[in-house]
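Observations on the model geometry
Next come the chains, spelled out residue by residue.
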Protein chains: 2
Amino acid sequence: MGQSRSYQVNMRIVLIGAGNVATHLGAALIKGEHEVLQVFSRSNASAVTLADALQCQAINDLSALRKDADVYILSVSDAVLPDVAKNIPQTDALYLHTAGSMPIDVLPMPRRGVLYPMQTFSKARAMDFHQVPLLIESQTDESLLRSLAESLSNNVHVMTSQQRKRLHLAAVFACNFVNHMYDLSAQLLAEAEIPFEVMLPLIDETAGKAHKLPPHQAQTGPAVRDDQNVMHMHEEQLAHDPQKQRIYRLLSQSINLSFNKK
Amino acid sequence: MGQSRSYQVNMRIVLIGAGNVATHLGAALIKGEHEVLQVFSRSNASAVTLADALQCQAINDLSALRKDADVYILSVSDAVLPDVAKNIPQTDALYLHTAGSMPIDVLPMPRRGVLYPMQTFSKARAMDFHQVPLLIESQTDESLLRSLAESLSNNVHVMTSQQRKRLHLAAVFACNFVNHMYDLSAQLLAEAEIPFEVMLPLIDETAGKAHKLPPHQAQTGPAVRDDQNVMHMHEEQLAHDPQKQRIYRLLSQSINLSFNKK
């Protein structure tokens with residue numbers, strides 16, 4: 001790393017994976033003036049789509065990996081990450097993974113780190129990557145990893161594997177489960193031919209409140225008021241849909257328990 | 001209604017109730033240049049607080065109600081609404097309630113309607129009432145009610161009691177349950193001494209996506225990928241907290257079912 005600055009701000013990178021995270025990360029790497037050499041994906045079509053967007057080479061065979069990158073970023077699903085990490089040809093470069101719930105030592109290489117963008121990515125939606133919290137961890141290459149992360153986002157935090165694991169779990173509640181609640185709400189509206197758009201001001205305000213009040217303090221609705229009449233009517237409305245009814249009951253009970261403890 | 005316009009845009013109103021909805025509605029009525037004559041609440045302290053803010057009279061005895069208002073707005077909890085509606089002294093004015101899940105005919109008066117502001121209100125948080133969806137219903141006084149509603153908000157929709165009931169249920173999912181997910185997330189972070197603020201970009205993006213993509217299409221996370229390893233790890237992390245673990249399981253199962261049907 002003798003040539004330092006120019007090396008650090010303009011890295012040659014190979015992307016392993018072509019999913020949602022790899023797609024947004026790839027675009028951010030190009031904007032950060034890094035050079036993406038190759039995109040690997042087991043699915044040739046995915047590799048080609050992303051490689052075309054990043055104007056680089058698509059490969060679907062790990063043995064075709066270039067050996068001259070500064071950083072290899074493994075952005076694959078958690079389920080296949082251990083396997084890919086084991087089978088990828090090693091150089092003396094830095095290897096990173098992007099998985100929030102996986103420890104750093106899933107990577108067997110001597111120079112390793114984690115670059116976890118804590119955000120919900122959809123290929124179909126553009127994203128201002130500068131706002132995305134990047135949670136980083138590296139014992140061997142913290143300053144290099146920090147340079148890379150800070151070239152992509154203004155929101156970089158060093159976290160241990162243990163903390164990241166907890167954050168990832170908390171994000172499932174605050175993002176994945178929240179989106180599923182939107183989905184269930186949209187289904188209920190569609191059944192009554194009411195457009196989902198009417199719900200958007202409420203969704204925005206609920207999210208907006210989280211910036212100003214602790215969520216516990218912002219809680220509203222029948223369960224926090226222990227309004228049994230309304231809850232009973234709601235459960236009746238869900239009689240045709242046992243899965244939604246179970247969810248309604250469990251979440252109302254959970255809210256109720258956290259407010260109306262004896 | 002012979003004097004029409006000035007009567008319609010500048011109404012004399014009595015507010016029954018001094019909770020979150022009444023507080024925000026009261027402020028919006030004053031901004032809309034209506035005259036709030038009185039605030040009634042069984043709790044004298046609540047009545048005085050809101051009446052002071054609106055510079056009008058506080059009462060805690062229904063027999064002290066003025067008889068010369070154009071509109072009486074019953075903004076009390078669903079649980080007590082039927083009782084209050086029955087016991088309030090009647091004039092020939094228009095009587096409204098603000099409860100999303102209650103039918104119009106909970107009001108026994110000949111001139112009656114519903115003015116349901118579909119929003120999550122906290123007394124501690126200011127609100128741009130012009131953005132709040134107001135769902136209105138009145139057989140006898142639709143045009144008067146519409147004038148009133150449109151003086152308060154740019155987002156007025158006529159809905160039947162049946163549709164409003166469905167919307168109210170859908171709002172519990174999209175708002176109350178969503179906020180509870182934020183709360184559970186905040187609890188998980190607090191246990192690991194991670195500030196909740198790190199979650200805000202993710203919360204904002206999740207809400208922002210709902211404007212652009214149907215929520216079903218925007219779903220991300222381990223359950224939609226059917227990533228059993230990650231889900232198993234998450235459940236282990238929740239072993240100390242059976243209530244959160246049950247919620248994690250049920251919601252993951254619900255997401256999984258809606259994406260990975262055989």
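Residues numbered from 1 in each chain as written. Chains lettered and ligands numbered in written order. Predicted model: local features only at pLDDT ≥ 70, side-chain atom pairs only at ≥ 80, totals over all residues. Heavy atoms only, no water.

**Things to note about the relation of the copies chain A and chain B**
Worth spelling out the cut-off: In this comparison the copies share one frame, found by least squares on the C-alpha atoms of residues holding pLDDT of at least 70 in both. Two residues qualify as a contact provided that any one of their heavy atoms is within 4.5 Å of a heavy atom in the partner residue.
The operation relating chain A to chain B is a screw motion whose rotation component is 180°, with 0.0 Å of axial translation and a residual RMSD of 0.1 Å. What the superposition gives is, in effect, a two-fold axis relating one chain to the other. Of every C-alpha in chain A, the one belonging to V178 of chain A sits nearest the axis of rotation, 2.6 Å from it. Most of the interface of chain A is mirrored in chain B, where 100% of its interface residues are also at the interface.

**Points about the pairing of strand β1 (residues 12–16) of chain B**
Successive side chains on a regular strand alternate, one facing one side of the sheet and the next facing the other. All names here are of chain B. Selection rule: Partly exposed residues are those whose accessible area sits between 20% and 50% of the maximum for their type, while under 20% is buried and over 50% is exposed, using a 1.4 Å probe and protein chains only. In this text, helices come from DSSP runs of H or I with a minimum length of four residues, and strands from runs of E with a minimum of two, each type numbered from the N-terminal end. At least two DSSP bridges between two strands are needed for those strands to be called paired. With the strands aimed away from the viewer, a crossover counts as right-handed if its path from the first strand over the helix to the second runs clockwise.
Across the 5 residues of β1, 4 count as buried, placing the element largely inside the fold. Bridging between β1 and strand β2 (residues 35–40) involves 5 bridges; their strand directions are parallel. The partner of R12 across the bridge, within β2, is E35. The β-α-β motif built from β1, the intervening helix α2 (residues 20–31) and the parallel element β2 has right-handed crossover chirality. Sheet topology note: the β1/strand β4 (residues 71–74) ladder contains 4 bridges and is parallel. Looking across to β4, one finds that I13 is bridged to V71.

**Examining the interface of chain A and chain B**
The test is simple: Throughout, buried area stands for the accessible area (probe radius 1.4 Å) lost by two parts on being put together, summed over both. By definition, a salt bridge exists where a carboxyl oxygen of Asp or Glu is found within 4 Å of a side-chain nitrogen of Lys or Arg. Any residue that is not Ala, Val, Leu, Ile, Met, Phe, Trp, Tyr, Cys, Pro, Asp, Glu, Lys or Arg is counted as polar, Gly included; the first ten are nonpolar and the last four charged.
At the interface, 90 residues of chain A touch 90 residues of chain B. Approximately 8,600 Å² of surface area, both sides summed, lies buried where chain A meets chain B, with 67% of it carried by carbon and sulfur atoms. Ranking the residues of chain A by area buried against chain B places R125, R166 and F173 of chain A at the top, with a combined share of 9%. Along the contact surface separating chain A from chain B lie 2 salt bridges. Of all the elements in the fold, those that place two or more residues in the side of chain A that touches chain B are α6 (161–191), α7 (200–209), α8 (215–218), α9 (228–237) and α10 (242–259) of chain A. No other element matches the 26 residues that α6 of chain A contributes to the side of chain A that touches chain B. Residues of the side of chain A that touches chain B, tallied by class, amount to 47 nonpolar, 29 polar and 14 charged.

**Thoughts on the pattern of salt bridges**
Residues and elements named next belong to chain A. Counting across every chain of the model gives 20 salt bridges over all chains. One salt bridge in this structure joins R146 and E142, with 4.0 Å as the shortest N-O distance. Residue R146 and its partner E142 are both found in helix α5 (residues 142–150); the two are separated by 4 residues, about one turn of the helix. Each member of the salt-bridge network shares a partner with another, and the members are E142, R146 and E150.

**Some points on the confidence of the model for chain A**
Residue and element names in this part refer to chain A. For the record, the criterion: Confidence per residue, as judged by the predictor, is encoded in pLDDT with a range of 0 to 100.
For chain A, mean pLDDT is 92; residues scoring 70 or higher make up 95% of the total. Low pLDDT (under 50) marks residues 1–8, which in the prediction has 9 contacts with non-local residues, meaning those over four places away or in another chain. Overall fold confidence (pTM) sits at 0.78, and the ipTM for the predicted complex is 0.79.

**Quick notes on the packing of aromatic side chains**
Keep this limit in mind: Pairing of aromatic side chains here covers Phe, Tyr and the six-membered ring of Trp, requires ring centres within 6.5 Å, and sorts the geometry by plane angle: under 30 degrees stacked, over 60 edge-to-face, intermediate tilted.
Under the criterion given, the structure shown has 8 aromatic pairs over all chains. Aromatic side chains F173 of chain A and Y248 of chain B sit 6.2 Å apart centroid to centroid with 50° between the ring planes, which places their arrangement in the tilted category. With F173 of chain A in helix α6 and Y248 of chain B in helix α10 (residues 242–259), the pair connects residues from two separate chains. Aromatic side chains Y72 of chain B and Y95 of chain B sit 4.9 Å apart centroid to centroid with 10° between the ring planes, which places their arrangement in the stacked category. Here Y95 of chain B lies in strand β5 (residues 94–97) and Y72 of chain B lies in strand β4, a separation of 23 residues in the sequence. As far as the burial class goes, Y72 of chain B and Y95 of chain B line up, both buried. Chaining the aromatic ring pairs together yields one cluster made of F173 and F177 of chain A together with Y248 of chain B.

**Here we look at the pairing of strand β6 (residues 112–117) of chain B**
Residues and elements named next belong to chain B. Most of β6 sits inside the fold, with 5 of its 6 residues counted as buried. As paired elements, β5 and β6 share 3 bridges and run parallel to each other. Across the sheet, the residue bridging to H97 is V114, located in β6. Relative to strand β7 (residues 134–137), β6 is paired through 4 bridges, and the arrangement is antiparallel. Bridge pairing in β7 places P117 opposite L134.

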